[in-house]
Every structure is written in structure tokens, then in C-alpha cells.
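Descriptive analysis of the structure
Residue strings, one per chain:
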Amino acid sequence: MENTGERAARLEKLAALRELGADPYGRRFSRTHRAVELHAAFGDLEGSEVAVAGRIMAHRGHGKAAFADLQDLSGRVQLHLREDLLGERGYRVAGLLDLGDLVGVRGKLFRTRRGEVTVEAVELTVLAKSLAPLPEKRHGLQDVDRRYRQRYLDLVANESSRRRFLQRSRILRAIRGFLDERGFLEVETPAMQVVASGAAARPFVTHHNALDLDLHLRIALELPLKRLIVGGLEQVYEIGRVFRNEGISPRHNPEFTLLELYQAYADYTDMMSLTEELVAATAREVLGSTVLTYQGQTIDLTPPWPRLPLLETVRRYSGVDFRDLPDDAAARTAARERGLEPEGGDPWGKVLDLFFDAFVAPQLVQPCFLLDYPRDVSPLAKAKEDDPSLTYRFEAVIAGREIANAFSELNDPGEQRERFRQQLTLREGGDAEAQALDEDFLNALEQGMPPTGGLGIGIDRLVMLLTDAPSIKDVILFPLMRPLD
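Residues numbered from 1 in each chain as written. Predicted model: local features only at pLDDT ≥ 70, side-chain atom pairs only at ≥ 80, totals over all residues. Heavy atoms only, no water.

1. Re the overall build of the protein
For the protein, the helix and strand inventory stands at 15 helices and 18 strands. Considered along the principal axes of its C-alpha atoms, the protein spans approximately 90 × 50 × 50 Å. Within the span of the protein, comprising 485 residues, buried residues form 49% of the whole. In the protein, of all internal contacts separated by at least 6 residues, the share reaching a separation of at least 24 is 63%. In the structure as shown, the protein presents an accessible area of about 23300 Å², 49% of it carried by carbon and sulfur atoms. Both charge centroids of the protein, one from 63 positive and one from 75 negative side chains, sit 8 Å from each other. (Helix = DSSP H or I, 4+ residues; strand = E, 2+ residues; numbered from the N terminus. Buried < 20%, exposed > 50% of the residue type's maximum accessible area, 1.4 Å probe, protein only. Contact = heavy atoms within 4.5 Å. Areas by Shrake-Rupley, 256 points an atom, 1.4 Å probe, with all protein chains shown as cover. Lys, Arg positive; Asp, Glu negative; His and termini not counted. Charge placed at Lys NZ, Arg CZ, Asp CG, Glu CD.)

2. Topic: the packing of aromatic side chains
Describing an aromatic ring pair means giving the distance of the ring centres and the angle of the ring planes. Taken as a whole and assessed by the stated rule, the structure comprises 7 aromatic pairs. Between Tyr268 and Tyr392, the aromatic rings sit 5.5 Å apart at their centres with planes inclined by 70 degrees, giving edge-to-face as the arrangement. Residue Tyr268 is found in helix H9 (residues 268-287), and its partner Tyr392 is found in the loop between strand E15 (368-371) and strand E16 (393-398); the two are separated by 124 residues along the sequence. Judged on exposure class, the residue Tyr268 and its partner Tyr392 are both buried. (Phe/Tyr/Trp six-rings, centres within 6.5 Å; stacked < 30°, edge-to-face > 60°.)

3. Re the nonpolar core
If you look at the biggest cluster of nonpolar residues, it comprises 46 residues, and the most contacted ones within it are Ile175, Leu179, Leu259, Leu261, Leu301, Phe394 and Leu455. Among the elements that make up this core, the one with the highest residue count is H9 (8 residues). Counting 30 residues, the second largest nonpolar core, distinct from the first, contains Ala22, Ala35, Ala66 and Leu79. (Core = buried A, V, L, I, M, F, W, Y, C linked by side-chain atoms within 4.5 Å.)

4. Considerations on helix H14 (residues 439-446)
Burial in H14 covers these residues: Phe441, Leu442, Ala444 and Leu445. Along the long axis of H14, the arc covered by the buried residues comes to 155 degrees, so they all point the same way. Of the surrounding elements, those touching the buried residues of H14 are helix H8 (222-230) and helix H13 (413-428). Remark: Gly448 follows H14 within two positions and exhibits a positive phi of approximately 105 degrees. (Arc of directions from axis to C-beta.)

5. Considering the environment of Tyr373
Here Tyr373 is to be found in the loop between E15 and E16. C-alpha separation for the pair Tyr373 and Phe42, spaced 331 residues apart in sequence, amounts to 58 Å. When residues no more than four places from it in sequence are discounted, the contact partners of Tyr373 are Leu310, Asp353, Ser378, Leu390, Thr391, Arg393, Phe394 and Glu395. Only 3.2 Å separates the side chain of Tyr373 from the side chain of Glu395, close enough to count as a polar contact. (Polar contact = N/O pair within 3.5 Å; in protein donor to acceptor, adjacent residues only side chain to side chain.)

6. Looking at the sheet that holds strand E10 (residues 235-243)
In a beta sheet, neighbouring strands pair by backbone hydrogen bonds and run either parallel or antiparallel. Reading across from one edge, E6-E10-E11-E18-E17-E16-E15-E14 is the order of the 8 strands in this open sheet, with mixed pairing throughout. Both edges of this open sheet fall to strand E6 (185-186) and strand E14 (307-309), since each of them pairs with a single strand only. Of the strand pairs in this sheet, E10 and strand E11 (residues 255-264) are connected by 9 bridges, and their pairing is antiparallel. Counted as the bridge partner of Val242 is Phe256 from E11. Its contacts with the sheet place H8 against E10, E11, strand E17 (401-408) and strand E18 (452-458), and it is angled at close to 25 degrees to E11. Packed on one face of the sheet, helix H15 (residues 459-467) meets E10, E11, E16, E17 and E18 and runs near 55 degrees to E18. (Pairing = 2+ DSSP bridges. Axes fitted to C-alpha atoms, helices over the stretch in contact; angles between N-to-C directions.)

Okay, structure coming up:
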């Protein structure tokens with residue numbers, strides 16, 4: 001609950017600032033340095049006049065001199081506030097400051113007897129008076145729910161959160177740099193689509209008033225990007241938000257960021273190499289190493305990663321050989337015997353996925369590729385020549401979580417149409433996540449799409465891994481939350 005007494009005191013100081021002729025919501029301030037730069041270049045800057053701006057995070061002293069800590073995005077620097085340098089009015093303004101106030105300060109840089117880099121203030125400008133108190137300074141903002149709902153407070157109070165989101169930005173820059181250097185073209189595709197396809201997911205529905213048309217928020221980037229491959233853009237990628245109307249968990253948020261890329265004249269073996277190289281290169285760029293610690297486990301991202309056949313890996317960890325299960329019903333029966341709960345119409349491949357999640361994924365800490373997923377759950381992947389019940393598809397798993405999903409893309413329009421029809425049958429049977437038939441995409445395939453390798457990487461999960469975050473909400477600035485009222 002808001003501290004009404006403290007708010008009243010801050011409002012009194014707001015009025016007092018105005019009485020002194022100090023604008024409590026000031027104008028532009030020209031700073032010369034960030035806090036980290038003052039520490040890093042102190043030897044060159046000592047005795048120089050500098051200008052800094054940020055939020056007051058601590059205040060010490062009384063009488064005719066005081067110290068304060070100013071925080072900007074880069075870190076903190078100490079301020080020394082003296083009446084003889086600021087003048088009577090300026091020092092009275094300084095005395096009206098509260099924790100959380102935003103100020104600009106000009107003065108000379110020096111080091112105190114205790115060795116603290118400090119700005120000796122000769123001018124102080126209030127830039128924004130804070131009317132709400134900051135979280136208790138010793139422990140920061142520890143209420144997890146409040147951190148997610150009021151991310152602005154989390155970023156002010158918790159250095160670990162600021163650092164994590166700065167790392168997220170660096171991760172995205174590293175990924176773009178990696179792909180750009182390899183000739184990939186970054187593109188943008190529509191977030192609203194007439195047909196939502198490209199993944200097994202339930203879409204959100206919206207309505208376009210001018211066209212009087214129901215639209216879906218995209219559940220994947222895949223089909224528009226493959227249209228661009230047809231059009232001759234041979235290497236394309238997009239980093240974009242996608243929307244899936246499904247549950248919320250530490251690994252799932254209905255709105256998340258996805259990287260998808262497509263490369264003509266390639267296949268899923270090329271995508272394996274690209275995946276392990278991209279993840280390792282990103283870790284080196286952001287962390288300085290391909291070895292990291294995630295939730296207490298040491299993980300080595302150095303390529304090459306093991307390639308594990310999915311069926312054999314499930315047999316190894318669960319004791320069930322899916323080759324011995326002839327149909328969907330037998331697979332569902334085997335699942336129930338092992339304590340799993342498949343849906344009544346779940347196909348063989350979906351039941352296999354249940355086994356993987358329950359028995360295999362928790363065992364896979366180090367990065368690896370799971371190869372050759374069933375055709376019935378891979379409607380956009382090319383079937384294997386030696387076993388058409390499987391496809392040239394892999395998932396990359398690290399720390400028990402899927403990080404990437406990739407195919408040798410199906411480019412036969414006749415077979416793709418039949419796969420879509422099979423999905424429609426599942427949809428009619430009650431599977432809300434079955435893929436819809438996209439007639440325009442089939443028309444594009446009929447123009448001829450070269451053999452293509454495609455890859456999708458969940459950016460949020462990758463950021464979780466590289467920043468040691470336990471929940472996806474820790475790496476999304478504004479995760480979806482149920483309103484308190």
C-alpha cells in the first residue's frame with residue numbers, strides 16, 4: 001500500500017521547490033559523461049568539469065555539506081553537495097531532494113580520501129521530482145509479481161534486471177550481426193494474417209473494421225518467409241513477435257519473440273551447423289565464453305553438438321520403443337500405462353512428444369539435436385527417403401528446453417496440400433492447434449521453391465539461458481499479467 005504520509009511530504013517539497021523558483025520538472029540537460037565513464041577514465045578526467053544526470057539513490061550528511069549517489073543506466077557516481085559552492089538557494093534545492101528524484105549536476109571530478117570517485121557539484125538542476133517512494137533500498141524490489149507488473153520500478157531498484165535487459169539487447173545485436181555477415185537479409189512480414197499457420201498453436205482472433213474482416217495474429221513467421229524464398233530472396237530472416245493463445249508458464253508467454261530464417265539450396269544438416277555456430281558465437285559475444293552456468297548447471301555450448309535420433313533416445317530413457325507401437329491407439333495406451341495423459345485423438349507423433357517431455361528432456365542438460373520427428377506432427381517438413389513416417393526435422397535442446405526447431409522444408413505442392421488436409425481432419429476432430437490450409441502458400445509453392453533449410457529459435461528462451469533467468473517473465477520487459485482488479 002502506498003505510504004500516504006511520505007507522498008504528502010514529497011508534495012510539500014514539490015511546492016517548496018516551486019516557491020524557490022526551481023522547476024521540479026525541468027528541461028533538457030546536456031551531460032558530458034555517464035557514471036561508468038567517470039570511473040573508467042578518472043585518470044584523464046580528474047579535475048575536469050563534468051556534467052552527469054540520473055536518479056538520486058542515496059543521500060548522506062547534513063549541515064552545510066552532504067553526499068549523494070546518482071544512478072544512470074551505466075552505474076553510480078557519488079555527488080558532493082556543499083553550500084559554499086552551490087550557493088544558499090542551490091543548497092536549499094539540494095535539501096529538498098528525495099530518493100528517486102532525477103537531477104542534473106555539473107562540477108569538478110575528484111577522489112575523496114576514501115578513494116571514491118566524486119563530482120563536486122557547483123550546479124544542481126532538478127529534472128523530475130519523484131512523488132512515489134522507491135522500494136526499500138537495502139533489499140531492492142523482491143516482490144516477484146510487483147517486479148513483473150511495475151517493470152519500471154524493477155529496473156530502478158534491481159541492478160540484475162537492468163543488466164539482464166541490457167544483455168538481451170546485446171544478444172539481439174549479436175544474432176543480427178552473425179546473420180548479416182553470412183548474407184542473410186532481414187525482412188518484416190505481417191503480424192495480422194487471414195490464415196494463421198506455420199505452427200501447431202491456437203491463434204488470437206481480431207477484427208479489421210475497414211475491411212470487415214476477421215484476422216489472426218500470427219503464430220509463426222514461416223509461410224510468409226518461404227514465399228520470399230519462392231520470390232528469389234535466397235537467405236532471409238525475421239526477428240518478430242508472435243502470438244499463441246495458450247497457457248502461461250515459466251517457459252511460455254502468449255506473446256513472445258521468434259527468430260526464423262530460411263536458406264535456399266540448404267537442408268536441415270546445414271541448419272544444425274548454423275544453429276550451433278549462432279548460439280556459440282552469441283555466447284562468446286555477450287558472455288565472453290561458450291561455457292556458462294544456468295541455474296547451477298555448467299553448460300558448454302562449444303560446437304559440435306551431439307546428434308541424437310529421437311526414437312532411439314525416447315526408447316533409451318523411457319523404455320518404450322515406438323517402433324513397436326503400430327498406430328495412434330497403441331501409442332495412447334502405452335502413454336496411459338506410463339502415467340501420461342494423452343488427449344483422446346492425439347496421433348502417434350504427439351504421444352511421442354509427451355514421452356519426450358516427460359522422460360527425455362529433463363535428462364538433456366548439455367546442448368544436443370534430436371533428429372527425425374514424426375511426419376504426423378511435422379506437416380511442413382520433408383519426409384525422409386528411407387522412412388516416410390519420419391521427417392528431416394530436428395529440435396535443439398539445452399538444459400531440458402527446446403531452443404530451436406528446424407526442417408528440410410517440404411517444397412512439393414501436392415504433398416503439402418495433402419499434409420494440410422490431414423491437419424484439417426485433426427482440426428475437425430477437435431484439435432484447435434492443428435494447422436490451417438493456406439491456399440496462397442500452396443500457389444506460391446506451385447511456382448517452385450528450391451530445396452530450403454528453415455530454422456526457428458525462441459529468442460526469449462535463448463535469453464533465459466544466456467542470462468541465467470529461471471522464468472520467461474524475467475526476460476520479457478512487459479509479460480502478460482492478469483489485471484489486479
